[in-house]
Amino acid sequence: MSRDITLFNQSNLPATQEEMLASTALAMPGAGAAANPNQSPMKKLQRLLRGREKLAITLGLCGALIGGAVGWLSQKPQWISNGVVWIRPIIPSLLQSEKVMPFYSYYVQSQTAILTSPQVLQRAVQSDDWKATGLPGDSDQMATLKQNLDVTYAKNSQHILIDYIDPRPDVAQAAVKSVIKAYSSMYSDANGQEMTYKLKQIELKKDELERANIGFQAQIHGLTEKYGSDDLKVMYEESNRRLFNLNEELRKTKLTLESAQASMPKDGEKVDPTKALSVDQIAAMDVTMREYLKTRDAMAFNLARLARNVGANNRYYIDAKADLDLQNERIEQYAANFRQQFIPGQVFNFDNLVAVPLTKQMYEQITLRATELQKQYDGDAAKFKQLSEDWAKIQDLKNQIDHNKNDLDKYSRQYDEMMATAAMGGTLQVVNDGDTPIPAPDKRKQFAFVGFVGGGCLPVGILLLIGILDGRYRYSEEAGADMSGMTLLGILPNLPDRLTDPAQAATAAHCVHQIRTMLQINSGEDRNVFAVTSASPGDGKTSLTLALGLSFAASGSRTLLIDCDLVGAGLTARLDMAGPDGVLEAMTNRDLLPYIRQTDIADLSMLPVGQAQAHHAGMFSPAALRRLLNEAKKHFEIVLIDSGPVLGSIEATPVCAASDGVILTVSRGQQRPLVEKAIQHLASIGARFAGVVFNRAQARDFARSISGISLRSIARQHSTGVGGATNGNGNGHGSAGGFRANGETGVKAFGPVARAVASSVKPQDGSEAA
């Protein structure tokens, strides 16, 4: 773009002091650092649409107009017809007051679903009302009917609202009528069939229960007939009381017999009074022994519980077992004392609780009595067992009869209620089967508005998406705003290789001088070594290094240029200083001055790359470079190092780490991820940033980055050529003066930016620049 930075005419120049200050804002110190990383939404939109504003506005307006027209035309005037169905919330009954229907709201909601079911819609499109409209009754019309039909249940009411919207008023009314009639007929048919089925089931259930009760009554009669009474409760209680008394008498007799057997001596034996009575016999005679036994039983129960819960090895179990053993010892000791007091040859009568003399006749009587009582008890117990079983069967049968009677009453009530509901017409009533259609709410305005907004936002959204996907730097503001914490030193214009416009050359030189001024202001006296690098090749770092060297030399600073780009060696090539010795030999020999070569520009010297190549990058180290740079600081005021791309060369990392400041060159069109990786890498090695230079800027960026006063001054001074003169050939080129290395070939190899700066610097012999 040979005319990208052609100076604007006077109408485009800043005219007021406020405009001049605004135009220099991007080049002020800290401009990049002052940028807020959390940009406002409007700032983000402005950045994404930068350069496409007019296209976005044009396409947005066209899309909005088209979308609004499409939205308006997509809708036609509609007619709506309404119908109302009432679902009664009560269940009619003839035998008792009407009951509220349980789960009424769920029931009504289910009916709204039935109204839009395929069964109802099929009947509706086959009805006479629908056929009168002339529309077919096929599946397509069923789909249209379902789409335009609106069935809703009004909350806190008892009504279902049916609405239908259609461009034809007769179709809207016919649709509501046919749907309500189809639903009513299906509801009646379903209810009639369901009710008939339910009534039949209730009758069958009632017959089954009645037959079951008859069978239960017959079984009860068969059980009570052999006892001669229908009520066995009295017989059961009397038999139970008699069996209990007989058992008690038998128990006492057995105890007396056991006492007699223990007291009566056998042939050749003496009665041992200590074994005359058992513990149970003593307990029957003695209250204390009975209490001891109760305590022992409780302790034994507790011991068994502990064995289940905690185990036999638990401390509580061991203590409880010891207590039980102690209680058994206490019982045995008490029984022994009791037997010592018992007189042998006597028997204890448990009926009178007295001891009487024992005779052989008495012993036989006691034995006979015990035998008779045992026989009587066994017989009565067998009869009582049979009576108990029969009485339990009778009770179960009576319970079954009572349960069946309750079910019979329930089914009878259900039968009567269903008959009453059928007689009273059920719970469904049609309030309105489709009133006269009225115009439906006009939605054309809403659709036109939606189309207007959507049509306008669509192209703008596409352009925003393009801006989001475009990861390149396109404008100088992005280099400052997106690199928070870094200073935007300045911008360089996009110049043609053949720079023929003296105004362009003067403007480019002005930009370089401004960057140099920013570095002098921000760096201070102790920071005078700057490494120039970039994220990738082709960003113009070599041209910037040479141009800054010329600018520093023009300002009177003793300047040293060092070429550390082992791959490109662009600085050495442009100055035509290729040779066997260079930066690698200077680091190896730890001597700088013998390898420095002078240029034709006053105060500008050069340390070329020499014979160093890419495979020598391993010899570069921060320590060696610091020694070299410390030596350079003793002889030069400014040291500029041209390094390779920081992401693509090994030597760039130690060079940037050893420098006092790093100048990062970013060209228009460079990818953001590469620049971000370069910044992260420089930060990780501890490099100190001097700032960012935006290269190949467009005319708009260039015009906003320099002051209006300087712009007018340059326009007046160079309206005819650089410095008001042409080169020796008279062709008006701005690169004619300054260098005389190898004739006229040296300056031509500089590049447009360096040539523009070279046109204004002073040669070694003190002659004036062209």
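Scroll up a little and you will see the structure.
Residues numbered from 1 in each chain as written. Predicted model: local features only at pLDDT ≥ 70, side-chain atom pairs only at ≥ 80, totals over all residues. Heavy atoms only, no water.

Observations regarding the overall build of the protein
Our working definition: Segments assigned H or I by DSSP are reported as helices when at least four residues long, segments assigned E as strands when at least two residues long, and all are numbered from the N terminus. Exposure classes here rest on a 1.4 Å probe applied to the protein chains alone. A residue is buried below 20% of its type maximum, exposed above 50%, and partly exposed in between. Contacts are assigned to residue pairs that have any heavy atoms within 4.5 Å of one another.
From N to C terminus, the protein includes 26 helices and 17 strands. For the protein, with 770 residues in total, the buried portion stands at 44%. A sequence separation of at least 24 residues applies to 80% of the contacts in the protein between residues at least 6 apart.

Topic: the pairing of strand β10 (residues 488-493)
Cut-off, in case you're wondering: Between any two strands, pairing holds if DSSP finds at least two bridges.
Of all six residues in β10, six are buried; the element is thus mostly enclosed. For β10 and strand β17 (residues 689-697), the ladder comprises four bridges, and the chain directions are parallel. When the bridges of β17 are listed, Ile-491 appears paired with Phe-694.

Re the packing of aromatic side chains
Note the cut-off: Classification of ring pairs uses Phe, Tyr and Trp, with its six-membered ring standing for Trp, and accepts pairs whose centres are within 6.5 Å; under 30 degrees between planes counts as stacked, over 60 as edge-to-face, and the remaining range as tilted.
One pass over the structure, following the stated rule, counts three aromatic pairs. Each ring, one from Tyr-236 and one from Phe-384, has its centre 5.2 Å from the other, and the planes form 25°; the classification is stacked. Here Phe-384 lies in helix α13 (residues 360-424) and Tyr-236 lies in helix α9 (residues 233-263), a separation of 148 residues in the sequence. Judged by relative accessible area, Tyr-236 falls into the partly exposed class, the value being 21%.

Quick notes on helix α7 (residues 139-148)
Residues spaced three or four apart along an α-helix face the same direction, because each turn holds 3.6 residues. Operational definition: In this description, one arc is meant: the one made by directions from the helix axis to the C-beta atoms.
The set of residues buried in α7 consists of Gln-141, Met-142 and Leu-145. Along the axis of α7, the buried residues cluster in a sector spanning 105°; they form a single face. With respect to the buried face of α7, the exposed residues turned more than 90 degrees away are Ser-139, Asp-140 and Gln-147.

Some thoughts on the packing of helix α3 (residues 53-73) against helix α14 (residues 444-469)
Short version of the rule: To define axes, lines are fitted to C-alpha atoms, for helices over the stretch in contact only, and angles between the resulting N-to-C directions are given on a 0 to 180 degree scale. Each angle is binned into one of four classes, with values under 35 degrees roughly parallel, values over 145 roughly antiparallel, values of 65 to 115 roughly perpendicular, and all other values oblique. By the definition used in this description, the sense in which the near helix is turned from the far one sets the handedness, with an anticlockwise turn below a right angle giving left-handed and a clockwise turn giving right-handed. Only Asp, Glu, Lys and Arg are considered charged, only Ala, Val, Leu, Ile, Met, Phe, Trp, Tyr, Cys and Pro nonpolar, and every remaining residue, Gly among them, polar.
Between α3 and α14, the least distance of the axes is 6 Å, while the angle of their chain directions is 150°. As summarised for this structure, α3 and α14 are arranged roughly antiparallel, according to the angle between their axes. For the pair α3 and α14, the sense of crossing is right-handed. Of the residues in α14, those touching α3 at Leu-55, Ala-56, Leu-59, Gly-60, Gly-63, Ala-64, Leu-65, Gly-67, Gly-68, Gly-71 and Trp-72 are Arg-444, Lys-445, Phe-447, Ala-448, Gly-451, Phe-452, Gly-455, Gly-456, Pro-459, Val-460 and Leu-463. Grouping the constituent residues of the contact of α3 with α14 by class yields twelve nonpolar, eight polar and two charged.

A few points about the pattern of salt bridges
Rules: Salt bridge, as used here: a side-chain nitrogen of Lys or Arg that lies within 4 Å of a carboxyl oxygen of Asp or Glu.
Considering all chains together, one arrives at 13 salt bridges under this definition. Between Glu-631 and Lys-634 there is a salt bridge, with the nearest N and O atoms lying 3.7 Å from each other. Taken together, the residues Glu-631 and Lys-634, both in helix α20 (residues 622-635) and three residues apart, mark about one turn of the helix. With relative accessibility at 63%, the residue Lys-634 sits in the exposed group. Several salt bridges share partner residues, and in doing so they unite Lys-541, Asp-565 and Asp-642 into one network.

Re the sheet that holds strand β16 (residues 661-667)
Sheet architecture is open: eight strands sit in the order β10-β17-β16-β11-β15-β12-β14-β13, paired in mixed fashion. Both edges of this open sheet fall to β10 and β13 (597-598), since each of them pairs with a single strand only. Two strands pair when backbone bridges link them, and strand β11 (residues 529-534) and β16 are joined in this way by five bridges, in the parallel orientation. Bridged to Ala-531 within β16 is Val-662. Against the sheet, helix α17 (residues 541-554) makes contact with β10, β11, β12 (559-564), β14 (604-607), β15 (638-643), β16 and β17, and its axis sits at roughly 170° relative to β15, the strand it touches most. Sitting on the sheet, α20 is in contact with β11, β12, β14 and β15, with an inclination near 145° to β15.

A closer look at the environment of Leu-674
Inspection of the secondary structure assignment puts Leu-674 in helix α22 (residues 672-684). Residue Leu-674 is classed as partly exposed on the basis of its relative accessible area of 31%. If near-sequence neighbours (up to four positions away) are discounted, Leu-674 is found in contact with Ala-535, Ser-536 and Leu-647.

A short note on the side chain of Asp-660
To keep it simple, the criterion reads: The definition of a polar contact used here is a pair of N or O atoms within 3.5 Å, where within protein one atom must be able to donate a hydrogen and the other to accept one, and adjacent residues in sequence count solely through side-chain atom pairs.
Tracing the sequence through the fold places Asp-660 in the loop between α21 (652-658) and β16. Here the side chain of Asp-660 touches Asn-528 through a polar contact of 3.2 Å, landing on its backbone nitrogen. Separated by 3.4 Å, the side chains of Asp-660 and Arg-688 make a polar contact. Once residues lying within four places of it in the same chain are set aside, the contact partners of Asp-660 are Asp-526, Arg-527, Asn-528, Val-529, Lys-633 and Arg-688.

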